[in-house]
Amino acid sequence: MKSVGGLLIDLDGTLYHGGRMIPGADLLISSLRKAEIPYLFVTNNSSRTPASVAAHLRGMGIEAEPHEVCTSSLAAARYIAGESPGATVAILGEEGLIEACREAGLALVTEAPEYVVQGIDRSFTYDTLARASRWIREGAKFVLTNPDLMLPSDDGVMPGAGTLGAAIEAASGFSPVVIGKPEAHLITYATSLLGIDPGEAVVIGDNMRTDISAGARAGCRTILVLTGLTTRDNLEDYQRLTGVNPDEICADLAELMLALGV
């Protein structure tokens, strides 16, 4: 661990499934804290605030504080603020994205925005689609928090932010800047929060298509844990699909702790 500057840890599928903690997740985080190894929880979820994410983790028995959470909404807001400080933005999203944009000093508007920033939006309507596509055709830059086409829910999988983004892209004729995994923006933003270079970071996740691909694109080392989407049975298929190979593969979180030396 001497050469590792920090860990970027995925959530759903890595530390929990929905509201159920994956065995060993609480011990992993408490051990990282005890060893004083820097880490962040890094998630594509754009709807929740860092405080809400941390509360969800604590509710399952996993130690967490808001400052340890890095979401696609935070990264999207900082991307826009870095490109155009104080820019006007129209938000198609929920609490996490709204709060992130406000905290980044962006001006929230409902007409003639410089940016359309979109995440999961469960109040999305045809009128929303029409207005967003018009703004983008008129010159607003389109920023998508994360490209997830589907997301888990108590009723099974539901359309995700990427599905809504695909509709806006089709209606406007313009492709978005994608912030979340598998793109590198979220990962490089997380490394900046830790004050390290991407080459010093290790991305830990269960999803070859998002977590491991994003880590590789950002220039990080990667550890795949077989606790969620990727399994021994489908690993080779995902490796062919993504063209990416994780630096290490761990069967579970106990094996991950051994690999990390905690």
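Now for a description of the structure that goes with this document. None of the values given here were measured: they were computed from a predicted structure. (Residues numbered from 1 in each chain as written. Predicted model: local features only at pLDDT ≥ 70, side-chain atom pairs only at ≥ 80, totals over all residues. Heavy atoms only, no water.)

## Some words on the state of the cysteines
Put simply, the rule reads: Count a disulfide wherever a pair of cysteine sulfur atoms falls within 2.5 Å.
Evaluated as defined, the whole model comprises zero disulfides. Sulfur of cysteine 101: no disulfide; nearest cysteine sulfur belongs to cysteine 70 and is 14 Å away.

## A word on the packing of helix H8 (residues 208–218) against helix H9 (residues 235–242)
Defined as follows: A fitted line through C-alpha atoms represents every axis, and for helices the fit uses only the stretch in contact; the resulting angles, taken between N-to-C directions, go from 0 to 180 degrees. Secondary structure elements follow DSSP: runs of H or I no shorter than four residues count as helices, runs of E no shorter than two count as strands, and numbering proceeds from the N terminus. Roughly parallel here means an angle under 35 degrees, roughly antiparallel means over 145, roughly perpendicular means 65 to 115, and every remaining angle is called oblique. In this scheme, a crossing is called left-handed if the near helix is turned counterclockwise away from the far one by less than a right angle; it is called right-handed if the turn is clockwise. By definition, residues are in contact when any of their heavy atoms lie within 4.5 Å. Each residue is assigned to one class: nonpolar for Ala, Val, Leu, Ile, Met, Phe, Trp, Tyr, Cys and Pro, charged for Asp, Glu, Lys and Arg, and polar for all the others, Gly among them.
Contact geometry of H8 with H9 gives a least axis separation of 11 Å together with a crossing angle of 55°. With respect to H9, the element H8 is oriented oblique. The crossing of H8 and H9 is right-handed. Note on element contacts: H9 touches H8 through Leu235, Tyr238, Gln239, Leu241 and Thr242, opposite Met208, Arg209 and Ser213. Class assignment for the residues of the contact of H8 with H9 results in four nonpolar, three polar and one charged.

## Description of the sheet that holds strand S7 (residues 107–108)
One key point about sheets: their strands pair by backbone hydrogen bonds, in either a parallel or an antiparallel sense. Test applied: Should DSSP find at least two bridges between two strands, the strands are taken to pair.
With parallel pairing, five strands are arranged side by side in an open sheet as S7-S6-S8-S9-S12. Strand pairing shows two members of the sheet lacking a second neighbour, S7 and strand S12 (177–178), which therefore form its edges. Looking at chain direction, strand S9 (residues 141–144) and S12 are connected through two bridges and run parallel. Bridge assignment links leucine 144 to a residue of S12, and that residue is valine 178.

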